[in-house]
Amino acid sequence: MSSELLCNCFFHSDGNCLVMSNRFILFFLVVFMTTQEKIEEMRELKQRLLEGGGKKRMEKQHQEGKMGARERLEGLFDADTFQELNLFAKHRCHSFGMEEKELAGDGVVTGIGCIDGKQVFAASQDFTVAGGSVGEVHATKICEVMEMALRCGSPFILINDSGGARIQEGIDALSGYGRIFYRNVQMSGVVPQISIIAGPCAGGAAYSPALTDFIIMTQNAGRLFITGPQVIKEVTGEEISAEALGGAYAQSTYSGNVHFVVKDDVEALAVCKKLLSFLPSNNMEDAPDIGNGELVFAPDPALNTLIPDSPRTPYDVKDVILSVIDNRDFLEIQREFAPNAVIGLARINGKSVGIVANQPNCKAGVLDIDSSDKIARFVRFCNAFNIPLVTFVDVPGFMPGVQQEYGGIIRHGAKMLYAYSSATVPKVTVILRKAYGGAYLAMCSKDLHCDRVAAWPTAEVAVMGAEGAVGIVYRDEIKKAGDTKQARTEFIEKYEKEFSNPFCGAARTLIDDVIEPQDTRKYLSLALESLRNKRETCPQKKHGLIPL
Ligand code: HXC
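Residues numbered from 1 in each chain as written. Predicted model: local features only at pLDDT ≥ 70, side-chain atom pairs only at ≥ 80, totals over all residues. Heavy atoms only, no water.

In terms of burial, strand 2 (residues 108-115) is largely enclosed, as 7 of its 8 residues are buried. One ladder, built from 3 bridges, connects strand 1 (residues 83-85) with strand 2; its direction is antiparallel. When the bridges of strand 2 are listed, L85 appears paired with T110. Pairing between strand 2 and strand 3 (residues 118-125): 8 bridges, direction antiparallel. Across the sheet, the residue bridging to V109 is S124, located in strand 3. Hairpin connection between strand 2 and strand 3: a loop of 2 residues separates the two successive antiparallel strands, and D116 in this loop has a positive phi of roughly 50°. (Buried < 20%, exposed > 50% of the residue type's maximum accessible area, 1.4 Å probe, protein only. Helix = DSSP H or I, 4+ residues; strand = E, 2+ residues; numbered from the N terminus. Pairing = 2+ DSSP bridges.)

Attention now goes to the sheet that holds strand 7 (residues 214-218). Strands sit in the order 1-2-3-4-5-7-9 across an open sheet of 7 strands; the sheet is mixed. If you trace the sheet from one side to the other, it starts and ends with strand 1 and strand 9 (260-262), each paired once. On average, adjacent strands in this sheet sit at an angle of 20° to one another, irrespective of strand direction. (Axes fitted to C-alpha atoms, helices over the stretch in contact; angles between N-to-C directions.)

This part takes up the site of the ligand. Residues in contact with the ligand amount to 18 residues; listed here are only the nearest, R57, G131, G163, A165 and I167. A distance of 2.9 Å separates a nitrogen atom of the ligand from a polar backbone atom of A165. One of the backbone nitrogen or oxygen atoms of I167 is found 3.1 Å away from a nitrogen atom of the ligand. Across the complex, the protein chains shield 53% of the 1000 Å² of accessible surface that the ligand would expose by itself. Every element with two or more residues in the shell around the ligand is listed here: helix 4 (55-63), helix 7 (170-187) and strand 6 (200-202). (Near = heavy atom within 4 Å. Polar contact = N/O pair within 3.5 Å; in protein donor to acceptor, adjacent residues only side chain to side chain. Areas by Shrake-Rupley, 256 points an atom, 1.4 Å probe, with all protein chains shown as cover.)

This is how it looks when you write it as structure tokens:
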């Protein structure tokens, strides 16, 4: 305030002195605080705000096995790199006595820091402040860091621990969620977005994590659902506990919403950091490369004996994955959901790759609705962030069944065709054993513009399995031969010789090479290296229409 204005407060223009009101005295005192007093005042206010909802509420948080909002950020970021934003933000609600309430930081801590040296933006909801509920200003703070993450091309992490929309703020709270959702969508495919569910995340609040790329959820405290047990009981009459409905087990195994189930906050932060280590900061960067440029590929003789002699005997495809990646270090994603497919991130010669595989150990590795969704979404994530795709195939086909048909296996399976066909990152496929029918095509075949397809000698590429096929192709001949087991076996062998091998595909250049299993890492290393500078252009369009 200028000195002229100050004078006007105390003197009429005729120069007569006024009696000072209390307001003016206060004003006078504030204006004439010493610098030291101002700093002290700021320190006190800051200290109070940094304590969030206070010691008692923080004790409760700890008793429930949860870290505080700030403790979580401290655990996430490299030491001394965190810069907080908008600590002094205040809500503007004047309903239900809210004008009397000071909500520290409006219930959320936001800012920027470094994780393993890489810049990351984050928001951490503070349950000790009005239950971490989302009001207008709370949402504005989150939106601001989201926008900055987008502008700076850095990943964004939201740690959810909240009672949902702040009831006292009505439509302003709903609008806040709408603004967050909008930004989640704008950021999608531009910067990686990770949600940690470390407390309640109920109602519409659950849609923000669902719009992000990965959800990490704690077993001890994370609860994720659209409507809680009470509402469900009133509407449908079903009785269920909050944990059984929205706990990490249910939301990973049944719904597939959760990508990583962790014990507690400490593990959540560790998984989050590990996940980020495989990802570029934005869609304009190449996937991380921590190698020294050297290709290392000693043969692994164990792979030569991995496939059982009988095509009906299962094996664990993770043995193949672990054998070909660096240091057997595989970050499996959605382990609990649709385990007949395996997806995850790894490195080959230091470079990040996305791995997709059928799992013969579960439902013979068949593709069904859930595994199709799981694979298609992951393929799109890898493509968006320039992570090459390595696909291992051992698939007997798409799952037959009335429920699968009624559930839309056609639409869901088509997602895989769509995702792989539109992916322009390097794509390398290895056919291990079965590759039947539409599922052969859907698992990144040459016809979907896979860059390199190799097959093991054990590969069987055909329209369907030999046993089913001979019943159709040789029906008359089998009948004539008296429908004996021996006749069937002979025709099966004839069919297998003709079709159930990799050489048919290799002869038609649909399989680029038939390789010894033990040399798979060498094949992948050379193929990925040769595709390093791959560029593929697509027809111009606003956007395609993936079968949702
Ligand atoms: C305002 C809230 C709040 C909310 C919790 N609090 N949720 N304040 N709005 N939504 C406050 C409480 O009043 C309390 O304040 C403090 O947070 C801690 O809450 P407690 O109930 O004491 O904690 P706890 O026993 O652990 O229970 C946690 C809880 C429960 C299960 C989350 O608070 C709860 O059911 N809250 C309401 C959840 C809800 O229905 N939200 C709306 C969802 S609908 P004090 O001052 O006592 O510490 C929604 C729509 C969004 O979100 C739509 C977007 C599209």
